[in-house]
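Single-letter residue listing:
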Amino acid sequence: MRTVKRKMTGQEALEALLAGNKRFVSGNLERPNHCEESRKELVAGQSPIAVVLACADSRVPPVDVFDQGLGDLFVLRVAGNLINDHILGSIEYAVAHLHTPLVMVLGHSSCGAVTAVAQGAKLNGHIACLTPSIDAALKRTKGQDGHWPDNAARELARANAKKIAESEPIIADLVQEEKVLVVAAYYNLATGEVILL
């Protein structure tokens, strides 16, 4: 059955995602909008409630983690949940043209990209372009209590959310007008829980 979506604020969209994550953690999934009716309605267009920039890690599927369905999330995935012009352009499309009210940068525990850089692995080819942003997050978190790569993954999510919120002209303007909310979050692989940073 198709769950009817109404226009939400960024805060309402965030609450919907966190409620979905609670269902995911407890195993009481609703799996909304996974039906033929939903699929057919989406042919005419989309109106996702949130943009989720997540790591490409196969263990972090945003639609499942937030118990959402077809057309609910505008998902961008790249190792380390890093941003570049392609990612920013995609986010701009979602917030300016689809009127998506929430942008979430979702880091996670045990991130392979962060761990590899922390361990000094030599990254060759295009993988090497991941290193500078991850290395900066590692430097900012060195010596903090807790697991260093996980601390860096949280820092990376916060730093990228800040860069997105300040991206001019489109996203920063919509954030200033309070039409878009940008948040950083962190997914714990072991528990399934998402926490806001």
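Residues numbered from 1 in each chain as written. Predicted model: local features only at pLDDT ≥ 70, side-chain atom pairs only at ≥ 80, totals over all residues. Heavy atoms only, no water.

On to the overall build of the protein chain. The helix and strand inventory of the protein chain stands at 8 helices and 5 strands. Counting from the amino terminus, the protein chain carries its helices and strands in the arrangement α-α-β-α-β-α-β-α-α-α-α-β-β. For 197 residues, the compact-globule estimate of 2.2 N^0.38 gives 16 Å, and the protein chain sits close to it at 17 Å. Taking all 197 residues of the protein chain together, 45% fall into the buried category. Across the protein chain, contacts joining residues at least 24 apart in sequence account for 71% of those joining residues at least 6 apart. Carbon together with sulfur atoms contributes 53% to the accessible area of the protein chain, which is approximately 10,100 Å² in total. In the protein chain, the 20 positive side-chain charges and the 22 negative ones have mean positions that sit 4 Å from each other. (Helix = DSSP H or I, 4+ residues; strand = E, 2+ residues; numbered from the N terminus. Rg over C-alpha atoms; globule rule 2.2 N^0.38 Å. Buried < 20%, exposed > 50% of the residue type's maximum accessible area, 1.4 Å probe, protein only. Contact = heavy atoms within 4.5 Å. Areas by Shrake-Rupley, 256 points an atom, 1.4 Å probe, with all protein chains shown as cover. Lys, Arg positive; Asp, Glu negative; His and termini not counted. Charge placed at Lys NZ, Arg CZ, Asp CG, Glu CD.)

With 6 of 7 residues buried, strand S4 (residues 181–187) lies mostly within the body of the structure. Sheet topology note: the strand S3 (residues 102–108)/S4 ladder contains 7 bridges and is parallel. Looking at the pairing, Met-104 lines up with Val-183 of S4. Counted between consecutive antiparallel strands, the loop separating S4 from strand S5 (residues 194–196) contains 6 residues, among which Gly-192 sits at a positive phi close to 85°. (Pairing = 2+ DSSP bridges.)

This paragraph deals with the sheet that holds S5. Backbone hydrogen bonds hold the strands of a sheet together, and the pairing may be parallel or antiparallel. Spatial strand order, S2-S1-S3-S4-S5: 5 strands in an open sheet with mixed pairing. Only two strands of the sheet have a single partner each, and these edge strands are strand S2 (73–77) and S5. Strand-to-strand twist across the sheet, computed as the mean angle between neighbouring axes with direction ignored, equals 25°. One ladder, built from 4 bridges, connects strand S1 (residues 50–54) with S3; its direction is parallel. When the bridges of S3 are listed, Leu-53 appears paired with Val-105. Helix H1 (residues 10–26) contacts S1, S2, S3, S4 and S5 of the sheet and is inclined by roughly 35° relative to S3. Relative to S4, helix H7 (residues 148–165) is tilted by about 165°, and along the sheet it contacts S1, S3 and S4. (Axes fitted to C-alpha atoms, helices over the stretch in contact; angles between N-to-C directions.)

Time to look at unusual backbone geometry. The step from Glu-168 to Pro-169 runs through a cis peptide bond, and the omega angle for that step is 0°. Within the secondary structure, Pro-169 is located in the loop between H7 and helix H8 (170–176). Phi is positive for Arg-31, close to 45°, though the residue is something other than glycine. Here Arg-31 lies in the loop between H1 and helix H2 (36–41). Exposure remark for Arg-31: the relative accessible area of 47% places this residue in the partly exposed category. With phi around 60°, Glu-178 is a residue other than glycine that occupies positive phi space. Summarising the element assignment, Glu-178 is placed in the loop between H8 and S4. Overall, Glu-178 belongs to the exposed group, its relative accessible area being 73%.

Okay, helix H4 (residues 85–97) next. An ideal rise of 1.5 Å per residue puts 18 Å on 13 residues; H4 measures up with 17 Å between its terminal C-alpha atoms. Ile-87, Leu-88, Ile-91, Glu-92, Ala-94 and Val-95 are the residues of H4 that are buried. Down the axis of H4, the buried side of the element spans an arc of 165°, and every buried residue falls inside it. Across H4 from its buried face, at more than 90 degrees, point the exposed residues Asp-85, His-86 and His-97. At its buried positions, H4 is contacted by S1, S2, S3, H7 and H8. Its side-chain oxygen 2.9 Å from the backbone nitrogen of His-86, Asn-84 forms the N-cap of H4. (Expected span 1.5 Å × (residues − 1). Arc of directions from axis to C-beta. Polar contact = N/O pair within 3.5 Å; in protein donor to acceptor, adjacent residues only side chain to side chain.)

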